[in-house]
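Spelled out, the chains give:
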Amino acid sequence: MPQPHPHVLIVEDEKPVRNMLRRFLTLNEYEVHAAADFTEALATLLDHSHFDVILLDFNFPGGSGLDLLPFIQKHSPNTPVIMVSAEHDPALIQSTLDHGASEFIQKPFNLDQLLHCMEHHLHQAS
């Protein structure tokens, strides 16, 4: 029986980035869900029982990745969260890792490197 497509949630407020990630990951056989703000991200997390990986921007309307991480850790503690942000503050980056993010990737990023990172975390989680 074939493996189902991994489910990914993208939380990204920039529509061109969100759409580019959605297209790229769909072409790479991921089942993609996306949210543009805190409220939509929370609703998507509540509506779906499981994500295999979450790509989480740091800044978005209604909250931040740091605000969403505790909810993710409580309701889906084994789901790898990859923070994807233009933030360059080392203290902020460390804070996201301390609060449960699996990895921090700075924008702009290389899509192939992002995919490799996701697959690495998916493999570790299985």
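Above: the structure in question.
Cut-off values and rules
- Residues numbered from 1 in each chain as written.
- Predicted model: local features only at pLDDT ≥ 70, side-chain atom pairs only at ≥ 80, totals over all residues.
- Heavy atoms only, no water.
- Helix = DSSP H or I, 4+ residues; strand = E, 2+ residues; numbered from the N terminus.
- Buried < 20%, exposed > 50% of the residue type's maximum accessible area, 1.4 Å probe, protein only.
- Contact = heavy atoms within 4.5 Å.
- 1 Å grid on protein atoms, 1.4 Å probe; cavity = no way out; pocket = protein on both sides within 12 Å on 5 of 7 lines; lining within 4 Å.
- Points joined across faces, edges and corners; volume = space filled by probe spheres on them.
- Core = buried A, V, L, I, M, F, W, Y, C linked by side-chain atoms within 4.5 Å.

Novice: Would you mind going over the overall build of the chain with me for this structure?
Specialist: When you go through the chain residue by residue, the secondary structure sums to five helices and seven strands. Helices and strands in the chain line up, N terminus first, as β-α-β-α-β-β-β-α-β-α-β-α. Its C-alpha atoms give the chain principal-axis dimensions of roughly 45 × 30 × 25 Å. Going through the 126 residues of the chain one by one, you find that 46% of them count as buried. If you take every contact in the chain between residues at least 6 apart in sequence, the share linking residues at least 24 apart comes to 61%.

Novice: I tried to follow empty space enclosed by the protein on my own but got confused; where do I start?
Specialist: One simple way to see leftover space: roll a probe sized like a water molecule over the atoms. Under the criterion given, the structure shown has one cavity of 30 Å³ or more. The computed volume of the largest cavity comes to approximately 40 Å³. Surrounding the largest cavity, Ile-10, Val-11, Glu-12, Leu-21, Leu-55, Leu-56, Asp-57 and Val-84 form its lining. Of all the secondary-structure elements, those providing two or more residues to the lining of the largest cavity are strand S1 (7-11) and strand S3 (53-56).

Novice: Explanation requested: the nonpolar core in the structure shown.
Specialist: Generally speaking, nonpolar side chains in soluble globular proteins are found buried as a group. Core analysis: the largest hydrophobic core is formed by 21 residues, its most contacted members being Val-11, Leu-45, Ile-54, Leu-56, Leu-68, Ile-72 and Met-83. When contributions to this core are tallied by element, the ones reaching two or more residues are S1, helix H2 (38-47), S3, helix H3 (65-75), strand S6 (81-85) and helix H4 (90-98). Counting residues per element, this core draws most heavily on H3, which supplies four residues. Not counting the four nearest positions on each side in its chain, Leu-45 is found in contact with Leu-9, Phe-51, Ile-54, Leu-68, Phe-71 and Ile-72. The next biggest cluster of nonpolar side chains, apart from the first, holds 20 residues, and it includes Tyr-30, Leu-55, Leu-114 and Met-118.

Novice: Would you mind showing me how to read the layout of surface pockets here?
Specialist: If you add up the space inside the largest pocket, you get close to 290 Å³. His-50, Asp-52, Leu-122, Ala-125 and Ser-126 are, among the 14 residues lining the largest pocket, the residues nearest its centre.

Treat this as a map of the structure, not an account of what it does.
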